[in-house]
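What the coordinates show
Okay, here's what each chain looks like letter by letter:
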Amino acid sequence: MSLYDLTPSELESFFVSIGEKNYRAKQVLDFLYRHPAKTFDEITTLPVELREKLGKISRLAPIRLRLKVESSDGAVKHAYEVESLAGKSGFLESVWMPSEYVDMDSVEENRNVKQIDDENEHRHAGRNTLCISSQLGCSAGCAFCASGAMGLKGQLSTGEIVYQVIDCIELYEKLPDTVLFMGMGEPMHNFDSVCAAVEILTHKDGPAMSPRRIVVSSAGELERLGAFHKRFPRVRLAISLNAATDAVRSRLMPVNDRYGIKAIESFIKSIDLARGEKVTLEYVVIKGLTDVPSQINALETFLVTLGNRVTVNLIPYNEVENKKFGTPNRERVYDIQRKLRQLGVNTFIRRNRGTSASAACGQLSGKL
Ligand code: SF4
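All residue numbers refer to position in the chain's written sequence, counted from 1. A pLDDT threshold of at least 70 governs which residues receive local features in this predicted model, and a stricter bar of 80 or more applies before side-chain atom pairs are shown or counted, although totals over entire chains, interfaces and linings include all residues.

Re the nonpolar core
- Here a nonpolar core is just a set of buried residues of the types Ala, Val, Leu, Ile, Met, Phe, Trp, Tyr and Cys, joined wherever their C-beta atoms sit within 7 Å. Three exposure classes are used, based on other C-beta atoms lying within 10 Å of a residue's own C-beta, which is placed from the backbone: buried for 20 or more, exposed for 12 or fewer, and partly exposed in between. By size, the foremost hydrophobic cluster in this structure holds 100 residues, and its most contacted members are Val-162, Val-165, Leu-201 and Val-285.
- When residues of this core are sorted by domain, at least three fall in each of domain 1 (3–57) and domain 2 (63–357).
- Throughout, a pair of residues is in contact if the C-beta atoms placed from their backbones lie within 7 Å. When residues no more than four places from it in sequence are discounted, the contact partners of Val-285 are Thr-290, Asp-291, Leu-314, Ile-315, Pro-316, Tyr-317, Pro-328, Val-333 and Ile-336. How far each domain reaches was decided by an automatic or database domain assignment.

Shown next, in the form of structure tokens:
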């Protein structure tokens, strides 16, 4: 067991369960979340005997960084070995997207295109974002996704999720400003660990992140997403929509057979949203499949009824080995953005960050 598996109150119970006072938890928390200790010896607020005892029955970092690959645009992919899943093939991956991201298209000659790029990029200015994984691989089987092609290799523990964030203190000397549960895995398929991880990340004695800086993305597991939203009403939700008709969405995402387009619409209308808060709809734009007029018309119809409850993120498809889908024409993506904005829907284009390190959306495959 790693101490990162425990919420602050569970840490207190843990100390009591091993015959220690519960205030020991407070003495350890700083060494987990403010100045992460690498060994129990570094936790100098604890007596030496207790440090030795802890070293015998628990551990600190639950995952080990094996590789860090920087993409040409500044995004960095981290590949971790998950010791609890030793023997399973694949590495756990997270992606750091620094605020000082270099816009590789800044040399773009077409000024209109550049203006649109700048406008989309501006949203992220000054913020470091970390995209983390909630499972090793994924069983959701989305047809366009490398993590889905891996299948599910194993569930991550709470600590294995949390430590992807905490390791940024070692790697970048700071925590990310925003954490996206959008890496490998369907967060709602690892519900308990994801909830405990969010509880820790937002806890005042933990990293104390604002829940508004956490985005949990689901392929559309609506029942559990509703339960998650009840528990963490201020954490931002994203749903992978990716197509606007059931026929095409079912082809891309098996979850659509259980929770189709109508169910998503009802879900978004039914949940309580604070003033100004929106659900993000992710829409992977695939050439000839989800960028065609019939899909965009259906998308417009779908969005009309949702008023100002959603923001749309258009994600130009990133090519994945052995997948037969195509990257859309940039102008077509801008055109879709323009159309949706004319409806009054906040629409952004997600920049393809990390592509050269296979770290962009849908490309995480667990391979070094
Ligand atoms: S898109 Fe998300 S839910 Fe779908 S297979 Fe990939 S990781 Fe799983």
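Text resumes after the structure shown.
What about the confidence of the model for the protein?
- Values of pLDDT, ranging from 0 to 100, describe the predictor's confidence in every residue of the model. Here the protein averages 89 in pLDDT, while 88% of its residues score no lower than 70.
- Residue range residues 100–114 is modelled with pLDDT below 50. Its contacts to residues more than four positions away, or to other chains, number 16 contacts.

Focus: the sheet that holds strand 1 (residues 63–70)
- A strand pair is defined by DSSP finding two or more bridges across the two strands. Counting from the N terminus, the helices are the DSSP runs of H or I reaching at least four residues and the strands are the DSSP runs of E reaching at least two. Spatially, the 10 strands line up as an open sheet ordered 1-2-3-4-7-8-9-10-11-12, and their pairing is mixed. Pairing within the sheet leaves two strands with one partner each, and these edge strands are strand 1 and strand 12 (346–349). Pairwise comparison of adjacent strand axes, ignoring direction, gives a mean angle of 20 degrees for this sheet.
- For strand 2 (residues 76–82) and strand 3 (residues 92–97), the ladder comprises 5 bridges, and the chain directions are antiparallel. Residue pairing for strand 3: Lys-77 is matched across the bridge by Val-95.
- Only the stretch in contact is used when fitting a helix axis, every axis being a line fitted to C-alpha atoms; angles between N-to-C directions are given from 0 to 180 degrees. On top of the sheet, helix 6 (residues 158–172) reaches strand 1, strand 2, strand 3, strand 4 (129–131) and strand 7 (178–181); it is set at about 45 degrees to strand 3, its chief contact.

What to know about the packing of helix 1 (residues 8–17) against helix 2 (residues 24–33)
- One way to put it is that helix 1 packs onto helix 2 with a least axis distance of 8 Å and a crossing angle of 130 degrees. One finds that helix 1 runs oblique with respect to helix 2. When you trace helix 1 past helix 2, the crossing you get is right-handed. Of the residues in helix 2, those touching helix 1 at Pro-8, Leu-11, Glu-12 and Phe-15 are Arg-24, Ala-25, Val-28 and Leu-29. These descriptions rest on fixed angle ranges, namely under 35 degrees for roughly parallel, over 145 for roughly antiparallel, 65 to 115 for roughly perpendicular, and the rest for oblique. Crossings are classed by handedness, with left-handed meaning an anticlockwise turn of the near helix from the far one by less than a right angle and right-handed meaning a clockwise turn.

Here's the deal with the pairing of strand 10 (residues 279–285)
- With respect to burial, strand 10 is a largely interior element, 5 of its 7 residues being buried.
- Two elements, strand 9 (residues 236–240) and strand 10, share 3 bridges in a ladder whose sense is parallel. When the sheet's bridge partners are listed, Ala-238 is paired in strand 10 with Thr-280.
- Looking at chain direction, strand 10 and strand 11 (residues 310–316) are connected through 7 bridges and run parallel. In the strand pairing of strand 11, Val-284 is matched with Ile-315.

A short note on unusual backbone geometry
- A positive phi angle, near 55 degrees, is found at Ala-208, a position not held by glycine.
- Locating Ala-208 in the fold gives a position in the loop between helix 7 (191–202) and strand 8 (214–218).
- On the basis of neighbour counts, which here come to 12 C-beta atoms within 10 Å, the residue Ala-208 falls in the exposed class.

Topic: the site of the ligand
- The criterion for a residue being near a molecule or strand is simple: its C-beta atom, placed using the backbone, must lie within 6 Å of it. Near the ligand the following residues occur: Cys-138, Ala-140, Gly-141, Cys-142, Cys-145, Ser-147, Gly-148, Met-184, Gly-185, Glu-186, Ala-219 and Ser-240.
- By the convention adopted, Pro, Cys, Tyr, Trp, Phe, Met, Ile, Leu, Val and Ala count as nonpolar, Lys, Arg, Asp and Glu as charged, and the other residues, Gly among them, as polar. The class makeup of the residues in the shell around the ligand is 6 nonpolar, 5 polar and 1 charged.

Re the packing of helix 6 against helix 7
- It is at 8 Å that the axes of helix 6 and helix 7 come closest, and there the two elements cross at 40 degrees. On the basis of the axis angle, helix 6 is oblique to helix 7. Between helix 6 and helix 7 the crossing geometry is right-handed. Packed against helix 6, whose contacting residues are Thr-158, Ile-161, Val-162 and Val-165, the element helix 7 presents Ser-193, Val-194, Ala-196, Ala-197, Ile-200 and Leu-201 at the interface.
- Residue classes in the contact of helix 6 with helix 7 are distributed as 8 nonpolar, 2 polar and no charged.

Observations regarding helix 6
- With 15 residues, helix 6 should cover 21 Å at 1.5 Å per step; its first-to-last C-alpha distance of 22 Å lies within 8% of that length.
- Note on bend: at a given residue it equals the angle between the axes fitted to the 7 residues ending there and to the 7 starting there. Of all bends in helix 6, the biggest is about 35 degrees, found at Gln-164.
- Burial analysis of helix 6 places 11 of its 15 residues in the buried class, which makes it a mostly covered element. Every helix has an expected span of 1.5 Å times one less than the residues it contains.

Topic: the environment of Lys-269
- Inspection of the secondary structure assignment puts Lys-269 in helix 10 (residues 261–270).
- For Lys-269 and Leu-306, which are 37 residues apart along the polypeptide, the C-alpha to C-alpha distance reads 6.9 Å.

What about the pairing of strand 1?
- Pairing of strand 1 with strand 2 involves 7 bridges; the strand directions are antiparallel. Pairing of Val-69 across the sheet is with Lys-77, part of strand 2.
- Count of turn residues in the strand 1/strand 2 antiparallel hairpin: 5 residues, of which Gly-74 carries a positive phi of about 100 degrees.

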